[in-house]
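Survey of secondary and tertiary structure
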Amino acid sequence: MGDQKVEYKIDDRELKADVFLSLVQQVWPGDYDCEKTQEALGKTINITAYAGQKLAGCLRILSDGYYFGTITELLVLPEYQRRGIGSRLLRLAKENAPTMLYFGAQPGLEKFYEKNGCEPSLQSYQIEKGNI
């Protein structure tokens, strides 16, 4: 696994929900709907990292194409972390996003983003569905 070449795809339109969810379950376990996930993947720019046939990492960008873009998630399989995959995905996002990107960082990951040239920006807030 250590010597396996990682290949990156920009705007991976062939990304299937079951493949994506196998990655998600190893990083953020949960009860995800495959059909709704496929719908969501169709609305984002998906930058993927494959080690052979295995999806090792994925960064998704949601953008209006002009004013606003956000990274919805940056995920790397635990066994592939600390190998530069997340940094490369961020670099590819910066090079290929149609807009400036705003995103939230999980607590404890701030140094990773700062090391990769990201700057602290707006304070983030959330509105839970149903509290609107």
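Residues numbered from 1 in each chain as written. Predicted model: local features only at pLDDT ≥ 70, side-chain atom pairs only at ≥ 80, totals over all residues. Heavy atoms only, no water.

Regarding the pairing of strand 4 (residues 69-76)
This is how it is decided: The buried label applies to any residue whose accessible area, calculated with a 1.4 Å probe on protein chains only, is under 20% of its type's maximum; exposed applies above 50%, and partly exposed to all values in between. By definition, any uninterrupted DSSP run of H or I lasting at least four residues is a helix, any uninterrupted run of E lasting at least two residues is a strand, and each is numbered from the N terminus. Should DSSP find at least two bridges between two strands, the strands are taken to pair. The handedness of a crossover follows from its direction of travel: if, with the strands pointing away from the viewer, the path from the first strand over the helix to the second runs clockwise, the crossover is right-handed.
Burial runs high along strand 4: 7 of the 8 residues are buried. Sheet analysis places strand 3 (residues 54-63) next to strand 4, joined by 7 bridges and oriented antiparallel. Directly across from L59, in strand 4, lies its bridge partner L74. Between strand 3 and strand 4, which pair antiparallel in sequence order, lie 5 residues; one of them, G65, sits at a positive phi of approximately 90°. At this point the chain moves from strand 4, through helix 3 (residues 85-96), to the parallel strand 5 (residues 101-102), and the crossover so formed is right-handed.

Quick notes on a nonpolar patch on the surface
Condition: Patches here: salt-bridge-free residues with over 30% relative accessible area, like charges joined within 9 Å, nonpolar side chains (Val, Leu, Ile, Met, Phe, Trp, Tyr) joined within 5 Å. Note on areas: these come from Shrake-Rupley sampling with a 1.4 Å probe, and a residue is covered only by the protein chains present in the view. Any carboxyl oxygen of Asp or Glu that lies within 4 Å of a side-chain nitrogen of Lys or Arg is treated as forming a salt bridge with it.
A surface patch of nonpolar side chains, about 440 Å² in accessible area, is lined by Y66, Y67 and F68. Locating Y66 in the fold gives a position in the loop between strand 3 and strand 4.

So, the pattern of salt bridges
Within this structure, the stated rule accounts for 3 salt bridges. Here D11 and R13 are joined by a salt bridge, their closest N and O atoms 3.0 Å apart. Among the ionic pairs, K54 bridges to E79, the shortest N-O distance being 3.1 Å. With K54 in strand 3 and E79 in the loop between strand 4 and helix 3, the pair connects residues that are 25 residues apart, well separated along the chain.

Remarks on the nonpolar core
Applicable threshold: Only buried Ala, Val, Leu, Ile, Met, Phe, Trp, Tyr and Cys residues count toward a nonpolar core, and they belong to the same one when joined by side-chain atoms within 4.5 Å. Contacts between residues were defined by any pair of non-hydrogen atoms, one from each residue, lying within 4.5 Å.
In this structure, I47, L59 and L89 are the most contacted members of the largest nonpolar core, which totals 29 residues. Elements that contribute at least two residues to this core include exactly helix 1 (17-27), strand 2 (45-51), strand 3, strand 4 and helix 3. With near-sequence residues (within four places) excluded, L59 lies in contact with I45, N46, I47, I71, E73, L74, L89, L90 and A93.

Considering unusual backbone geometry
For D11, which is not a glycine, the phi torsion comes out positive at approximately 55°. The residue D11 is located in the loop between strand 1 (6-9) and helix 1 in this model. Of the residues examined, D11 reaches a relative accessible area of 32% and is grouped as partly exposed. Even without a glycine there, the phi angle at R82 is positive, about 65°. In this fold, R82 is placed in the loop between strand 4 and helix 3.

As for a negative patch on the surface
Our working rule: Neither His nor the chain ends is counted toward charge; the positive residues are Lys and Arg and the negative residues Asp and Glu. The atoms used to mark charge sites are NZ of Lys, CZ of Arg, CG of Asp and CD of Glu.
Judged by side-chain charge, D31, D33, E35 and E39 come together as a negatively charged surface patch. By secondary structure assignment, the location of D31 is in the loop between helix 1 and helix 2 (34-41). Looking at D31, the relative accessible area reads 82%, which means it is exposed.

So, the packing of helix 1 against helix 2
Cut-off, in case you're wondering: Angles shown run from 0 to 180 degrees and are taken between the N-to-C directions of axes, each axis being a line fitted to C-alpha atoms and, for helices, limited to the stretch in contact. Relative orientations are named as follows: roughly parallel for angles under 35 degrees, roughly antiparallel for angles over 145 degrees, roughly perpendicular for angles from 65 to 115 degrees, and oblique for any other angle.
Close contact between helix 1 and helix 2 brings their axes to 9 Å; oriented N to C, the two are set at 100°. On the basis of the axis angle, helix 1 is roughly perpendicular to helix 2. The residues of helix 2 that touch helix 1, namely those facing A17, D18, F20 and L21, are C34, T37, Q38 and L41.

Section: the confidence of the model for the protein chain
Here is the rule we go by: Confidence scores here are pLDDT values: one per residue, from the predictor, ranging 0 to 100.
Looking at the protein chain, pLDDT values average 88 and 94% of them are 70 or higher. Taking the mean pLDDT of every element in the protein chain, the minimum, 72, falls on helix 4 (residues 110-115) and the maximum, 98, on strand 2.

Re the environment of Y102
Position of Y102 among the secondary structure elements: in strand 5. For Y102, a relative accessible area of 29% corresponds to the partly exposed category. The spacing of Y102 and T72 is 30 residues in sequence and 9.4 Å in space, taken between C-alpha atoms. Those residues within four positions of Y102 in sequence are excluded, and the remaining contacts are F68, G69, T70, I71, S121 and L122.

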